Amino acid sequence: MVRRRLVSGNWKMNLDHLQAIHLVQDLGLRLSDGDVVGLDVSVHPPFTDLRSVQSVVEERRIPVFLGAQDCSSEDAGAYTGEVSPVMLARLHVTYVIAGHSERRRLFGETDGVVAAKLRAIVRNGMTPICCVGETAEERDAGTARDRLVTQVSSAVSALVPEQVAGMAIAYEPVWAIGTGSAATPGDAQEACAWVREAVGEVAGAEAADGVRVLYGGSVTPDNTAELVGQPDVDGVLVGGASLEAPSFVGIVRAANGAR
Ligand code: PEP
């Protein structure tokens, strides 16, 4: 099966709503429909920016999907400070990141919590981008594959195979995030193949064939083409380089060209 590529920009806790409007308008000026033929692009602003970004994207028909960086596993109730997936869906959010390594490391999100969030995202008609990845210590100890298999198996077990086939999993080695040291294309391919294999073990061959596996960690316009040129790398999750329109559009074009 031909998997449609996905390029997702995770703005993290950067850009207030006015700065977010400015960035998405700039994306709109630079991105043509031709840039996104054959691939999907999503932007993941902070929650407080979502409504503003949604309005600009819809008014100006900018060819990007709206994404969120996280959500609650609950639809509603006494969960102070949480953001409901129902509310995200009402804002026309399409993609929701779950289990980013910063959430796992800084906010104690376990595989169980991530699994509950994946179910909530799917229950509300949105597409999860589930992040997995090993630390530098795990890589040095030779346990990277075990770590990935554990994270992927837990995530995939939360959903039925058809839902797994429609989701994305981002392989993001923790040591590559925000460091300027991306994985080599060969290492990214090896790990993304492990991810796909783990999906197949739990959810079957069709799910493994359909799931989009992204690479994330210090992606730039210069390294994108080679990364997405790998057979098991179906796109990229971008942090720092998604905060400026020229670099993000450069990544989109590189991902689109490398086929
Ligand atoms: C990320 O945080 O998901 C990420 C990939 O960040 P960066 O591109 O800045 O390494």
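A brief look at the structure comes next. (Residues numbered from 1 in each chain as written. Predicted model: local features only at pLDDT ≥ 70, side-chain atom pairs only at ≥ 80, totals over all residues. Heavy atoms only, no water.)

### Considerations on the site of the ligand
And then number 1: Inspection of the region around the ligand gives 14 residues, with Lys12, Glu172, Gly178, Ser218 and Gly239 positioned closest.
And then number 2: With respect to the ligand, the side chain of Glu172 contributes an N or O atom lying 2.8 Å from an oxygen atom.
And then number 3: In this structure, an oxygen atom belonging to the ligand sits 2.8 Å away from a main-chain N or O atom of Gly239.
And then number 4: Partitioning the shell around the ligand into residue classes produces 4 nonpolar, 8 polar and 2 charged. (Near = heavy atom within 4 Å. Polar contact = N/O pair within 3.5 Å; in protein donor to acceptor, adjacent residues only side chain to side chain. Nonpolar A, V, L, I, M, F, W, Y, C, P; charged D, E, K, R; others polar.)

### Description of the sheet that holds strand β7 (residues 212–216)
And then number 1: Reading around the barrel, the 8 strands line up as β1-β2-β3-β4-β5-β6-β7-β8 and close back on themselves, with parallel pairing between neighbours. Each adjacent strand pair in this sheet contributes to an overall mean axis angle of 25°, direction not counted.
And then number 2: Bridge count between strand β1 (residues 5–10) and strand β8 (residues 235–238): 4 bridges; the pairing is parallel. Residue Ser8 lies in a different strand from β8, and its bridge partner there is Leu237.
And then number 3: Packed onto the sheet, helix α9 (residues 185–203) meets β5 (127–132), β6 (168–171) and β7 and runs at close to 140° relative to β6. (Pairing = 2+ DSSP bridges. Helix = DSSP H or I, 4+ residues; strand = E, 2+ residues; numbered from the N terminus. Axes fitted to C-alpha atoms, helices over the stretch in contact; angles between N-to-C directions. Contact = heavy atoms within 4.5 Å.)

### As for the nonpolar core
And then number 1: Counting 72 residues, the largest nonpolar core has Ile169, Val199 and Tyr215 as its most contacted members.
And then number 2: It is α9 that contributes the most residues to this core, 8 residues altogether.
And then number 3: Residues within four places of Val199 in sequence aside, it is in contact with Val152, Val156, Val164, Ile169, Gly204, Ala207, Ala208 and Val211.
And then number 4: By size, the runner-up hydrophobic cluster in this structure holds 9 residues, among which are Tyr95, Ile97, Ala170 and Leu214. (Core = buried A, V, L, I, M, F, W, Y, C linked by side-chain atoms within 4.5 Å. Buried < 20%, exposed > 50% of the residue type's maximum accessible area, 1.4 Å probe, protein only.)

### Side note on the side chain of Glu109
And then number 1: By the element assignment, Glu109 lies in the loop between α4 (101–107) and α5 (111–123).
And then number 2: According to the relative accessible area criterion, Glu109 is buried, its value standing at 9%.
And then number 3: Within the local environment of Glu109, its side chain forms a polar contact with the side chain of Arg103, the two groups lying 3.0 Å apart.
And then number 4: Sequence-distant contacts of Glu109, defined by excluding residues within four places in its chain, comprise Asp70, Gly99, Arg103, Arg104, Val114 and Lys117.

### A look at the pattern of salt bridges
Two side chains carrying opposite charge are able to pair once their charged atoms lie near each other.
And then number 1: A complete count under the given rule lists 17 salt bridges for this structure.
And then number 2: For Asp26, the salt bridge is made with Arg30, and the minimal N-O distance between the two is 2.8 Å. In this pair, Asp26 and Arg30 both sit in helix α1 (residues 17–30), 4 residues apart, roughly one turn of the helix.
And then number 3: Residue Arg30 is classed as partly exposed on the basis of its relative accessible area, which comes to 36%.
And then number 4: Among the ionic contacts, a cluster of salt bridges with common partners joins Arg3, Arg196, Asp209, Asp232 and Asp234. (Salt bridge = Lys/Arg side-chain N within 4 Å of Asp/Glu carboxyl O.)

### With respect to α5
Every α-helical turn comprises 3.6 residues, leaving residues that sit three or four positions apart pointing alike.
And then number 1: Between its first and last C-alpha, α5 extends 18 Å over 13 residues, near the 18 Å set by a 1.5 Å rise per residue.
And then number 2: Looking one or two places after α5, you find Gly125, whose phi comes out positive at around 80°. (Expected span 1.5 Å × (residues − 1).)

### Points about the packing of aromatic side chains
Any aromatic ring pair is given by two values, namely how distant the centres are and how the planes are angled relative to each other.
And then number 1: Inspection of every chain in the model, using the stated rule, returns 2 aromatic pairs.
And then number 2: Ring centres 5.8 Å apart and planes at 80° place the aromatic pair Phe65 and Tyr95 in the edge-to-face group. Here Phe65 is found in strand β3 (residues 65–68), whereas its partner Tyr95 is found in strand β4 (residues 93–98), with 30 residues between them in sequence.
And then number 3: By relative accessible area, Phe65 is classed as partly exposed at 35%. (Phe/Tyr/Trp six-rings, centres within 6.5 Å; stacked < 30°, edge-to-face > 60°.)

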